[in-house]
Amino acid sequence: MSYRQVRALPTDAVALKRELRAVFKPDRTIAPGSRDLLIRLQLLERIGQLLGGAPLDAAQRAALFRVAAGIEGVTVSHDALDQLGRQGTAVKLEGTVALAPHGRRSRRLWRGLHVRGPECAEIEDMLVRDFPLFPLGIVALPSELVPLHIFEERYKSMVARCLEEESEFGIVWLADDGLRPIGCACRIEEILERLPDGRINLVARGTRPFRIEQRQEELVYPAGVVEFLDDREEYPDEEAAEAARGAYAELVLQATDRSPDPAEIGAMTAYEMAATVEFGLDAKQGLLDLRSESARMKLVARLCRAALKRLEFIDRAQARAQSNGKVHFTG
């Protein structure tokens, strides 16, 4: 919400609840009987976001607390501790949300609002059960296009579910030392080809990072309980962003002989820049693990500068090979 929209929020709890609920759109992946619960979960999340950082006055904050306390199904604990051991009041709502069609599957969701005092509130993240996992020898990043060849029956079933429900699945790097806990959720962008034997060629696009909280073995394909990850709140580091975009633009110029559009580069996130360069699996996983855009920008800058040095080395090696090891003088 913009500053003007936040400042215009009503202080009457009934009117405020009506305005907050108005922005929620129907989710076709949720069975009709579960949509009211999902709206209540989303409402508590929105309240937590506003209390956690929006420029509210005292009357607006009080109204938000009244709306949170009045949500059907919430439980309140006045002696709760957050993850850092700080005491406060916790408001929690949970329930099982059935997925359409006909509620054949379900996922357990919860939202928790931890209030440490009149000026501080935190919203806990959503946990999603039965989230499809695709362990692979690759790392996907948000915004990256990933071509996939689906040939195992269990992953054909996974793709069928994701297409039917228009839902995400997660790509997780299966490294030599095991499965990494943080992966990237992906959405199927396009089915390129369906082969006669049932194999599928498709393109998926990375959407958002997640952490595997628990593995599940009861489905026909790998799945787990996952938590979607948000960045920590911070002031943008414009110097780091400028350095990353400058190094990236130079790398694009040297690698392709194409001068990139400054406006296009200026709007790119660290993920979007890294998604267009083959930096290597460890580097990409490092980006995915970071919960700070400024930290990702600094890492992208270092990776781009290292790639530029490799390009310079390759150019020198090719020139030396073409000279057949001899030094040529002109004139």
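So, a few notes on the structure that sits alongside this text. Please read all numbers here as calculations on a predicted model, not as lab measurements.

### Looking at the packing of aromatic side chains
What the rule picks out here adds up to four aromatic pairs. An angle of 65° between the planes, with centres 5.4 Å apart, marks the rings of Phe 131 and Phe 210 as edge-to-face. Linking Phe 131 in strand β5 (residues 127-136) with Phe 210 in strand β10 (residues 200-216), this pair joins segments that are 79 residues apart in sequence. As far as burial versus exposure is concerned, Phe 131 and Phe 210 are alike and both buried. Overall, Phe 131 belongs to the buried group, its relative accessible area being 5%. Aromatic ring contacts, followed pair by pair, group Phe 131, Phe 210 and Phe 228 into a single cluster.

### Describing the pattern of salt bridges
All chains considered together, the criterion is met by 15 salt bridges. Two residues, Arg 211 and Glu 227, come together in a salt bridge whose shortest N-O distance is 3.2 Å. Taken together, the residues Arg 211 in strand β10 and Glu 227 in strand β11 (residues 223-228) connect sequence positions 16 residues apart. You can call Arg 211 partly exposed: its relative accessible area is 29%. The closest approach of N and O atoms between Arg 291 and Asp 231, which form a salt bridge, is 3.9 Å. You can see Arg 291 sitting in the loop between α9 (281-289) and α10 (293-322) and its partner Asp 231 sitting in the loop between β11 and α6 (238-256), a full 60 residues away along the chain. The exposure class of Arg 291 is buried, given its relative accessible area of 16%. The class of Asp 231 is partly exposed, set by a relative accessible area of 34%. Residues participating in the shared-partner salt-bridge network are Asp 231, Arg 291, Glu 293 and Arg 296.

### Quick word on the side chain of Lys 284
Position of Lys 284 among the secondary structure elements: in helix α9. Of the polar contacts made by the side chain of Lys 284, one reaches the side chain of Glu 144; its length is 2.9 Å. Ignoring anything within four residues of it in the chain, the contact list for Lys 284 reads Val 139, Leu 141, Glu 144 and Phe 279.

### Description of the environment of Gly 280
By the element assignment, Gly 280 lies in the loop between α8 (270-274) and α9. Its relative accessible area of 32% is what places Gly 280 among the partly exposed residues. Sequence spacing of Gly 280 and Val 139 is 141 residues, and the spatial spacing of their C-alpha atoms is 8.7 Å.

### Overview of the nonpolar core
Within the largest apolar cluster, 52 residues are counted, with the highest numbers of intra-cluster contacts made by Leu 148 and Phe 169. Broken down by element, this core gets its largest block of residues, eight residues, from α10. Core analysis: the second largest hydrophobic core is formed by 17 residues, Leu 20, Leu 44, Leu 50 and Leu 64 among them.

### Let's talk about the state of the cysteines
Here a disulfide denotes a covalent bond joining the sulfur atom of one cysteine to the sulfur atom of another. What the rule picks out here adds up to zero disulfides. Sulfur of Cys 162: no disulfide; nearest cysteine sulfur belongs to Cys 186 and is 9.9 Å away. The exposure class assigned to Cys 162 is buried, which follows from its relative accessible area of 3%. Just so you know, Cys 186 is unpaired, no disulfide at all, and the nearest cysteine sulfur is the one on Cys 184, 4.6 Å from it.

### Structural notes on the packing of helix α2 (residues 13-21) against helix α4 (residues 58-69)
The geometry of α2 relative to α4 is characterised by a closest axis approach of 9 Å and an angle of 75° between their N-to-C directions. With respect to their mutual orientation, α2 and α4 come out roughly perpendicular. Judged by residue contacts, Ala 13, Leu 16, Lys 17 and Leu 20 of α2 engage Gln 60, Ala 63, Leu 64, Arg 66 and Val 67 from α4. In the contact of α2 with α4, the residues fall into six nonpolar, one polar and two charged.

Parameters at a glance
- Residues numbered from 1 in each chain as written.
- Predicted model: local features only at pLDDT ≥ 70, side-chain atom pairs only at ≥ 80, totals over all residues.
- Heavy atoms only, no water.
- Phe/Tyr/Trp six-rings, centres within 6.5 Å; stacked < 30°, edge-to-face > 60°.
- Helix = DSSP H or I, 4+ residues; strand = E, 2+ residues; numbered from the N terminus.
- Buried < 20%, exposed > 50% of the residue type's maximum accessible area, 1.4 Å probe, protein only.
- Salt bridge = Lys/Arg side-chain N within 4 Å of Asp/Glu carboxyl O.
- Polar contact = N/O pair within 3.5 Å; in protein donor to acceptor, adjacent residues only side chain to side chain.
- Contact = heavy atoms within 4.5 Å.
- Core = buried A, V, L, I, M, F, W, Y, C linked by side-chain atoms within 4.5 Å.
- Disulfide = S-S within 2.5 Å.
- Axes fitted to C-alpha atoms, helices over the stretch in contact; angles between N-to-C directions.
- Parallel < 35°, antiparallel > 145°, perpendicular 65-115°, else oblique.
- Nonpolar A, V, L, I, M, F, W, Y, C, P; charged D, E, K, R; others polar.

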